[in-house]
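Survey of secondary and tertiary structure
What follows is each chain in one-letter form.
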Amino acid sequence: MKLNDVYNKWLSVKRRQVKESTLSCYQLIYIKILAPRFGSTDVETMNKKVVTTFLYELLDSGTKSKKYCSDILIVIKMLIRYAGDELDINVPDTAWKVIWPTNNKVGVSKLERYTQEEYRKIVEYVMDNPSPRNLGILLTICTGMRIGEICALQWRDIDIVGNTIHVNKTMERIYLPGNIGTDRKKTVVEIGAPKTSSSDRHIPILKNILPIVKKFYAVCKPDYYVCTCSEDFIEPRTLRTYYRIFILEKVKLNHCIKFHGLRHTFASTLIENKVDVKTVSTILGHSDISTTLNVYAVSYTHLTLPTIR
């Protein structure tokens, strides 16, 4: 059976099993990467040699990262296993693993984060210039929340008495693969469950920023979004655009790292201050402590949390 035929049968089943955003990622990988190469290939012939040769070609071309190639492999194996388990096709074994290039070969990317002094400047600017969007940036660098989580955060999720934030949903703009090549909209904003079960978590609010949080809380309805203080939300790509202006033109730092660097800054600062890795992992919502260790394998120093006026 051709891989295209397997994909069409698999898609109708997978649609009932995963989040729309996850399914969208699978569809994009298939439509853009796999269909052009393997759509007309018999699934029975897709063995380890065929698949690994393809993945190594993508890596060697420099157009796809190791992480993206790993995602491609996941989709390939799901399709092959579905063909074998559900369609009774004699398919190749999928228990094998790909030997990826070592970090030394592909290079280790430097963790993007702000310095302690830059951290302080960002926090102090927001304290002196409060606004809903500025508050969103402040909460991100002081809680380590992901951008989708902060955009989806509502005032009902904040416990002023217990001084905690309940992260229980995320926002993302997802592709609508079925609309590619048509005049219909290609993307849609979706608010759904967090990234993983571990991402549904309670985060303590730093006592230094609690006063400003309370001021906004006092004038907002529970269903208002924190980053807008209204019933209308701000989506991640719009907040990213504002964030760059905020950093360069308002705080006046001489560089602007990615928005996700706010999360890295928070986490790295905790680790540098000897907060145990398990606690950091829980606050960040990592499903496995090894993820925290791998990402934040930094030297332990005696830095202190930035002093906030």
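Above this text you will find the structure in question.
Heads up: these notes are all about the structure in this document. (Residues numbered from 1 in each chain as written. Predicted model: local features only at pLDDT ≥ 70, side-chain atom pairs only at ≥ 80, totals over all residues. Heavy atoms only, no water.)

What about the side chain of T143?
Considering the arrangement of structural elements, one finds T143 in helix α7 (residues 132–143). Polar contacts involving the side chain of T143 include one to the main-chain amide nitrogen of M145, which spans 3.3 Å. Filtering out sequence-adjacent residues up to four positions away, T143 remains in contact with I165, I203, F266 and I283. (Helix = DSSP H or I, 4+ residues; strand = E, 2+ residues; numbered from the N terminus. Polar contact = N/O pair within 3.5 Å; in protein donor to acceptor, adjacent residues only side chain to side chain. Contact = heavy atoms within 4.5 Å.)

Describing the packing of helix α1 (residues 3–14) against helix α4 (residues 66–85)
The geometry of α1 relative to α4 is characterised by a closest axis approach of 10 Å and an angle of 90 degrees between their N-to-C directions. Relative to α4, the element α1 lies roughly perpendicular. Across from L3, V6, Y7, K9, W10, V13 and K14 in α1, the residues of α4 making contact are M78, L79, Y82 and A83. Classifying every residue of the contact of α1 with α4 by side-chain character gives nine nonpolar, no polar and two charged. (Axes fitted to C-alpha atoms, helices over the stretch in contact; angles between N-to-C directions. Parallel < 35°, antiparallel > 145°, perpendicular 65-115°, else oblique. Nonpolar A, V, L, I, M, F, W, Y, C, P; charged D, E, K, R; others polar.)

Focus on the environment of K215
Inspection of the secondary structure puts K215 in helix α9 (residues 210–218). We classify K215 as exposed; its relative accessible area is 62%. The sequence separation of K215 and P130 amounts to 85 residues, and the corresponding C-alpha distance is 9.8 Å. (Buried < 20%, exposed > 50% of the residue type's maximum accessible area, 1.4 Å probe, protein only.)

What to know about the packing of aromatic side chains
This structure, assessed with the given rule, holds nine aromatic pairs. Centroid distance Y7 to W10: 5.9 Å. Interplanar angle 35 degrees. Geometry classified as tilted. Of this pair, Y7 and W10 both sit in helix α1, three residues apart, which is roughly one turn of the helix. Summarising the aromatic geometry, the rings of Y242 and F246 are spaced 6.3 Å apart at their centres and angled 35 degrees between planes, so their arrangement reads as tilted. Taken together, the residues Y242 and F246, both in helix α10 (residues 236–250) and four residues apart, mark about one turn of the helix. A network of ring pairs unites the aromatic residues Y7, W10, Y26 and Y30 as a single cluster. Sitting over the face of the ring of W96, K77 holds its NZ or CZ atom 4.4 Å from the ring centroid. Note that R133 overlies the ring of Y242, its terminal NZ or CZ placed 5.5 Å from the centroid. (Phe/Tyr/Trp six-rings, centres within 6.5 Å; stacked < 30°, edge-to-face > 60°. Lys NZ or Arg CZ within 6 Å of the ring centre and 35° of its normal.)

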